[in-house]
Amino acid sequence: MRHDHDAGGEHTSSRRAFIRTSSAGMTAALVATSAAGSALAAPVSPVQEARAAGRPLAVTPACDGHETPAAAEGPLFKPQSPERTDFITPAIRGVRLELSGIVYDTACKPLPGSLIEFWQCDQNGDYDTTGFSLRGHQYTNSRGAFRLATIIPRDYWGRWGQRAPHIHAQVQAPGGPVLVTQLYFPDNTQAYGRDFAALNAADRLLNRACTITLAGPQGGGYTGAFDFVIQTTAK
């Protein structure tokens, strides 16, 4: 069953409790990540990977201080997701995506310890509403960087018509306001036999400023880059 998630809504108290993580807790998470030698310790950008492999990739524009555009959260956000950077499980058979980037403030300063929540539908256009498949949160490392192993989601029909493939995100600096947004894919993306150019053009909620920069496909998957620019204090 495909599920609609376009409508916005008030943030619930449970969501606030989940997202309002203390700075001490974030520091502890970062220390633990560093001690475990996680891949987040020194991520390689898709731009670097593409150049090393000789693949062309447009350079992601430098931070210009403009906040990443917000978008509707939708009703399918679920609090208390697991902390993880890899969404790939045996049940996930879609086109692979290795997404990475940096979280900046509006002065273009990287923001270590920022909380990022991702959620999306699967290769069939379905959201997991009973568990946490393709859902999770993580914290940026000491360089303000993140990395996510996931898949390119499928398009689906909802109350707002046919939605282009997209990934939901919430981003928050320690103690700062929450940015809720959606990330989209370039028109030339190849996945599931779908026409991404037509899907993007027909989706009236799509914001081209939130398009992921992709390299590939290579080995059946893509590498992608997207940098978030967020507020650290309430407006």
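In what follows, the accompanying structure is described. This one's a predicted model, so the numbers in the text were calculated from it and none came from an experiment. (Residues numbered from 1 in each chain as written. Predicted model: local features only at pLDDT ≥ 70, side-chain atom pairs only at ≥ 80, totals over all residues. Heavy atoms only, no water.)

Secondary structure assignment for the chain yields four helices and eleven strands. Residues counted as buried form 50% of the 235 residues belonging to the chain. Pairs at least 24 apart in sequence give 78% of the contacts found in the chain among residues at least 6 apart. For the chain, the computed accessible surface area is about 10700 Å², with 53% contributed by carbon and sulfur atoms. (Helix = DSSP H or I, 4+ residues; strand = E, 2+ residues; numbered from the N terminus. Buried < 20%, exposed > 50% of the residue type's maximum accessible area, 1.4 Å probe, protein only. Contact = heavy atoms within 4.5 Å. Areas by Shrake-Rupley, 256 points an atom, 1.4 Å probe, with all protein chains shown as cover.)

Right, let's get into the sheet that holds strand 7 (residues 166-172). With antiparallel pairing, the four strands of this open sheet are ordered in space as 3-2-7-8. One side of each edge strand has no neighbouring strand; the edge strands of this open sheet are strand 3 (135-139) and strand 8 (179-184). With strand direction ignored, the average angle separating the axes of adjacent strands in the sheet is 20 degrees. Pairing of strand 2 (residues 115-119) with strand 7 involves five bridges; the strand directions are antiparallel. Opposite Ile116, over in strand 7, you have Val171 as the bridge partner. (Pairing = 2+ DSSP bridges. Axes fitted to C-alpha atoms, helices over the stretch in contact; angles between N-to-C directions.)

The omega angle of the peptide bond from Gly216 to Pro217 is 5 degrees, so this bond is cis rather than trans. Here Pro217 shows up in strand 9 (residues 213-218). Unusually for a residue other than glycine, Cys108 sits at a positive phi of about 65 degrees. Tracing the sequence through the fold places Cys108 in the loop between strand 1 (96-105) and strand 2. In this model, Leu134 sits at a positive phi of 60 degrees, which is unusual for a non-glycine residue. By the element assignment, Leu134 lies in the loop between strand 2 and strand 3. Leu134 gets classed as buried once you look at its relative accessible area, which sits at 2%.

Below, the discussion takes up the state of the cysteines. When the sulfur atoms of two cysteines share a covalent bond, that bond is a disulfide. Counting across every chain of the model gives one disulfide. In this model, Cys63 is linked to Cys108 through a disulfide, with the two sulfur atoms separated by 2.3 Å. Residues Cys63 and Cys108 are joined through a disulfide that is left-handed, its torsion about the S-S bond being -85 degrees. Here the residue Cys63 occupies a position in the loop between helix 3 (46-53) and strand 1, and Cys108 occupies one in the loop between strand 1 and strand 2, the gap between them amounting to 45 residues. Residue classification places Cys63 among the partly exposed residues on the basis of a relative accessible area of 22%. According to the relative accessible area criterion, Cys108 is partly exposed, its value standing at 27%. (Disulfide = S-S within 2.5 Å.)

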